[in-house]
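What follows is each chain in one-letter form.
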Amino acid sequence: MILSARGVVRSYGPTPAVRGVTLDVAEGEILAVTGPSGCGKSTLLHCLAGIIRPDAGEVTYRDQRVDLMSEAARSRLRRTEFGVLFQFGQLVAELTAAENVALPLLLAGTGRRAARTAALAWLDRAGVADVADQRPGQMSGGQQQRVAMARALVTEPRIVFADEPTGALDTLAGEQVLGQLVRVAHEHRTAVVLVTHEARVAGHADRELVLRDGALDDSGLGIAVPTGRHGR
Ligand SMILES: Nc1ncnc2c1ncn2[C@@H]1O[C@H](COP(=O)(O)OP(=O)(O)OP(=O)(O)O)[C@@H](O)[C@H]1O
Ligand SMILES: [Mg+2]
């Protein structure tokens, strides 16, 4: 297992958002977490990715207890071993696609030339080499999400956390971005935790877990509902 959660609980004031979730993510696995709006998917994902701390329970990445780490240690993990991809790419508007993708490498201390070379290679893998020198405002939504995907993958993370990564796209653009993400993740043996309320999107995963009212449908035993193997 690359990532394990045991009894993860997280509330916002009196509102329980996640109530004791236990799950495992295998090396290179694409795991979908689905469920209706408000069931706690984003909160769970943020706990798994070390963006927020659970109130109770454990999150373990390899041998490291993410839930016990300092903010600094968690952000280091997010810069190196983890990748994140959200509904809106959150690209830096003033930077070109290539500069956006190079940014995580520059922050990690990679030299400018090497960072640009890697950024161009990942833009190419994401199918958007042609927008390398354009700024986000000049790109379509689908192009922006592909650039965001390249940025999430450029550090070659071992696991990518994706929250509704196609939520802002139309069906066709969404399918293309997801297809590409799944293909690249499998090629690089990168695990993906994919949060979505769309069954169609979950169909791209190797396995699906259903969250309802902050708990897994199987009462947290971690039994997976098998899905069609990663789309077509
Ligand atoms: N920052 C917050 N402050 C207070 N309550 C919150 C906060 N974020 C989420 N919640 C509440 O926690 C519960 C779970 O929210 P969460 O965003 O995790 O659900 P979700 O499954 O991702 O929903 P969606 O599909 O709409 O994105 C909801 O009841 C929500 O109102
Ligand atoms: Mg959400």
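Residues numbered from 1 in each chain as written. Chains lettered and ligands numbered in written order. Predicted model: local features only at pLDDT ≥ 70, side-chain atom pairs only at ≥ 80, totals over all residues. Heavy atoms only, no water.

An unreviewed UniProt entry annotates the chain as ABC transporter ATP-binding protein of Dactylosporangium roseum.

(A) Region of interest: the pattern of salt bridges. Throughout the structure, instances matching the rule amount to 13 salt bridges. Its salt-bridge partner being Arg116, residue Asp133 comes within 3.4 Å of it at the nearest N-O pair. With Asp133 in the loop between helix H4 (112-125) and helix H5 (141-153) and Arg116 in helix H4, the pair connects residues that are 17 residues apart, well separated along the chain. Among the residues examined, Arg116 registers a relative accessible area of 37% and is labelled partly exposed. What emerges from the salt-bridge pattern is a single network uniting Glu27, Arg62 and Glu81. (Salt bridge = Lys/Arg side-chain N within 4 Å of Asp/Glu carboxyl O. Helix = DSSP H or I, 4+ residues; strand = E, 2+ residues; numbered from the N terminus. Buried < 20%, exposed > 50% of the residue type's maximum accessible area, 1.4 Å probe, protein only.)

(B) A look at the packing of helix H3 (residues 97-107) against H4. Where H3 meets H4, the axes come as close as 8 Å, and the angle between the chain directions of the two elements is 125°. With respect to H4, the element H3 is oriented oblique. Of the two possible hands of crossing, H3 and H4 adopt the one that is right-handed. For the pair H3 and H4, the contacting residues are Ala97, Ala98, Val101, Ala102, Leu105 and Leu106 in the first and Arg112, Ala115, Arg116, Ala118, Ala119, Leu120, Trp122 and Leu123 in the second. Among the residues forming the contact of H3 with H4, the class breakdown is twelve nonpolar, no polar and two charged. (Axes fitted to C-alpha atoms, helices over the stretch in contact; angles between N-to-C directions. Parallel < 35°, antiparallel > 145°, perpendicular 65-115°, else oblique. Left-handed = near helix turned anticlockwise from the far one by under 90°. Contact = heavy atoms within 4.5 Å. Nonpolar A, V, L, I, M, F, W, Y, C, P; charged D, E, K, R; others polar.)

(C) Just the sheet that holds strand E5 (residues 64-65), in detail. If you trace the four strands from one edge of the open sheet to the other, you get E2-E1-E4-E5, paired in antiparallel fashion. Either end of the sheet is taken by a strand with one partner, and the two such strands are strand E2 (15-25) and E5. Here two bridges tie strand E4 (residues 56-61) to E5, and the two strands are oriented antiparallel to one another. Each residue of the ladder has a partner; that of Thr60, found in E5, is Arg65. (Pairing = 2+ DSSP bridges.)

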